[in-house]
Protein chains: 2
Amino acid sequence: MSVKHAILGLLSWQPLSGYDLKKIFSDSTAFYWSGNNNQVYRTLLELYDEGLVSREIIQQENLPAKKIYTISEKGRQELRQWITVNPELPVLRNSFLIQLAWADQLTPPELENLLASYEEEIHTQWLIHNQSSPQLSPEQARSPREALLWSAIHQNQLRFYQTEWDWVKHLRVSLAEIQS
Amino acid sequence: MSVKHAILGLLSWQPLSGYDLKKIFSDSTAFYWSGNNNQVYRTLLELYDEGLVSREIIQQENLPAKKIYTISEKGRQELRQWITVNPELPVLRNSFLIQLAWADQLTPPELENLLASYEEEIHTQWLIHNQSSPQLSPEQARSPREALLWSAIHQNQLRFYQTEWDWVKHLRVSLAEIQS
DNA sequence: TGCGCCATGTAACATGTTACATGATTAT
DNA sequence: ATAATCATGTAACATGTTACATGGCGCA
């Protein structure tokens, strides 16, 4: 259960409300969850029930009250334990590859069109990632080593889109060659 | 709903039983589903109820009866339509990156150990993918263009692990430099 | 005797998404 | 007026996994 640990991690960085977490998830590309209410608020309740976080209700003038969650000592231990555990493999699900597998039934222009729109979508993502991410920017890191790690995370995602982009460009050339 | 179309695609290639599909999913890396019974058999029923496939029950001596599913004309149309639709972005979920984000609390040897085990897992996956895949091998393709597409799908996955491997090796070097 | 293959299916659970619901304040 | 931001939460649905259930055949 990784959202749980993602939230614990963010709270280990600083106390946050559910609304804050939601925004981080929906803005950030590294924290790949959609940031939907259901998951965030339910997970926070679970963490609270398990004693991994504490919370404080803050009344505000002219704004709704908010609940600020703070990681507990037990929560820090749980997070540290999870980090040390052997890493899982990345999950890559590219339904475009499934489309391609049966795309031989398309006419050459249709196939070319499909590849062109995939290339454009990938390129757009690359551009989005290439703009500095507001969360986890190395300037906010607590140590040079953390800054290096955060920069590496960013690089990892950029490289993914770069590789994908190169791949689709190369495939388009190969297909053009085969048809001539 | 992509399993549905993945199954339709496989059936457009040749008639298959639920058991066959299960095996293809669990053996193949391109068809990334786990190949669990629940999903395969339920999806086949849905496809049947929607008239996208027909089926034939084949009694066998000394073996349980099997249901061979064949794609229908309506199924072929549905598949073709899905293929032409604009492609979705690949879904990449790497919980290791979330671990890394908070890994500054580890000691240098602990962090080095974490990265080493990730590198090994990625390398193992690379080796697995590097062996020729039994499904969708270009030799079984119905045209040179299909062979090219299938080869490209395979290359796409290999490149992913290669990129990831390069990335983690580079990160290990950078971390070693920062500590000296 | 016990495991793996063939072949079907169901139950329970985990995870994740969209949409619904409320309600004040602030900016266009 | 109308949309966006702040802030909480619930309901319904989609998708995917593990484990359970049945049962014969062949192999070590």
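A short tour of the structure in this document, coming up. Sequence order sets the numbering: in each chain, residues are counted from 1 along the sequence as written. Labels follow written order: the first chain is A, the first ligand is 1, and so on. Per-residue local features of the predicted model are confined to residues with pLDDT of at least 70, and side-chain atom pairs are confined, for both listing and counting, to 80 or more; whole-chain, interface and lining totals are unaffected and use all residues. Side-chain measures here rest on the full set of heavy atoms in the structure, leaving out hydrogens and waters.

What follows is about the sheet that holds strand 3 (residues 63-71) of chain A. All names here are of chain A. What the three strands build is an open sheet, ordered 1-3-2; its pairing is antiparallel. A strand with exactly one partner marks an edge of an open sheet, and here the two such strands are strand 1 (16-17) and strand 2 (53-60). In the packing of helix 3 (residues 37-49) onto the sheet, contacts are made with strand 2 and strand 3, and the angle to strand 2 comes to roughly 125°. Two strands form a pair only when DSSP identifies at least two bridges running between them. Helix and strand definitions here come from DSSP, where helices need a minimum of 4 consecutive H or I residues and strands a minimum of 2 consecutive E residues; each element is numbered from the N-terminal end. The contact definition used throughout considers only heavy atoms, calling two residues in contact when any of these lie within 4.5 Å. Axes here refer to lines fitted to C-alpha atoms; in helices the fit is confined to the stretch in contact. Angles between the N-to-C directions go from 0 to 180 degrees.

Moving on, we get to the protein's contact with DNA strand D. A single heavy atom is enough: if one lies within 4 Å of a molecule or strand, its residue is considered near that molecule or strand. Neighbouring residues of DNA strand D: 23 residues in total, closest A:Asn37, A:Asn38, A:Gln60, A:Lys67 and B:Gln39. Within 4 Å of the protein, the atoms of DNA strand D are drawn from sugar and phosphate moieties in a proportion of 59%. One of the side-chain N or O atoms of B:Asn38 is found 3.1 Å from a base oxygen in DNA strand D. When residues of the surface near DNA strand D are traced back to their parent elements, those giving at least two are helix 2 (18-27), helix 3 and strand 3 of chain A together with helix 3 (37-49) of chain B. Residue classes follow a fixed rule: Ala, Val, Leu, Ile, Met, Phe, Trp, Tyr, Cys and Pro count as nonpolar, while Asp, Glu, Lys and Arg count as charged, and any other residue, Gly among them, counts as polar. For the surface near DNA strand D, the per-class residue count stands at eight nonpolar, ten polar and five charged. By the criterion applied in these results, polar contacts are pairs of N or O atoms within 3.5 Å in which, for protein atoms, one can donate a hydrogen and the other can accept it, and in which residues neighboring in sequence qualify only through two side-chain atoms.

Quick look at the environment of A:Asn37 now. Residue and element names in this part refer to chain A. Relative to the assigned elements, Asn-37 resides in helix 3. For the exposure calls, accessible area comes from a 1.4 Å probe over protein chains only, and a residue counts as buried if that area is under 20% of its type's maximum, exposed if over 50%, partly exposed in between. A relative accessible area of 40% places Asn-37 in the partly exposed class. For the pair Asn-37 and Gly-18, spaced 19 residues apart in sequence, the C-alpha to C-alpha distance is 8.2 Å. Other than its neighbours up to four places away in sequence, Asn-37 contacts Lys-22 and Arg-42.

For the rest of this paragraph, the subject is the packing of helix 2 of chain A against helix 3 of chain A. All names here are of chain A. The N-to-C vectors of helix 2 and helix 3 enclose an angle of 135°; their axes lie 10 Å apart at closest approach. With respect to each other, helix 2 and helix 3 are oriented oblique. Between helix 2 and helix 3 lies a crossing of right-handed hand. Facing helix 2, whose interface residues are Gly-18, Tyr-19, Leu-21, Lys-22 and Phe-25, helix 3 presents Asn-37, Val-40, Tyr-41 and Leu-44. Tallied by class, residues from the contact of helix 2 with helix 3 come to six nonpolar, two polar and one charged. Throughout this description, any angle smaller than 35 degrees is read as roughly parallel, any larger than 145 degrees as roughly antiparallel, any in the 65 to 115 degree range as roughly perpendicular, and the remainder as oblique. Two helices that cross are described as forming a left-handed crossing if the nearer one is turned anticlockwise from the farther one by less than a right angle, and a right-handed crossing if clockwise.

Looking now at the relation of the copies chain B and chain A. Superposition of the copies was done by least squares, using only C-alpha atoms of residues whose pLDDT is at least 70 in both. The transform that puts chain B on chain A rotates by 180° and translates by 0.0 Å along the axis, for an RMSD of 0.0 Å. Taken together, these values place the two copies in the relation of a two-fold axis. When each C-alpha of chain B is compared by its distance to the rotation axis, B:Leu92 comes out closest, at 2.4 Å. Take the interface residues of chain B: 99% of them recur as interface residues in chain A, which is what a same-surface contact looks like.

The next thing to look at is the protein's contact with DNA strand C. DNA strand C sits among 23 residues. The nearest are A:Gln39, B:Tyr19, B:Asn37, B:Asn38 and B:Lys67. Within 4 Å of the protein, the contacting atoms of DNA strand C are drawn from sugar and phosphate to the extent of 58%. Contact distances for DNA strand C include 3.2 Å between a phosphate oxygen and a side-chain N or O atom of B:Tyr41. Residue assignment for the surface near DNA strand C shows that the elements contributing at least two residues are helix 3 of chain A together with helix 2 (18-27), helix 3 and strand 3 (63-71) of chain B.

Taken together, the 73 residues of chain B in the interface contact 72 residues of chain A. The term buried area means the drop in 1.4 Å probe accessible area that two parts suffer when joined, counted for both and summed. A buried area of about 7,200 Å², summed over both sides, lies between chain B and chain A, and 64% of it is on carbon and sulfur atoms. Each salt bridge in this description consists of a side-chain nitrogen of Lys or Arg and a carboxyl oxygen of Asp or Glu lying within 4 Å of one another. The tally of links between chain B and chain A comes to four salt bridges. A salt bridge links A:Arg145 to B:Asp104; the nearest nitrogen and oxygen atoms lie 2.9 Å apart.

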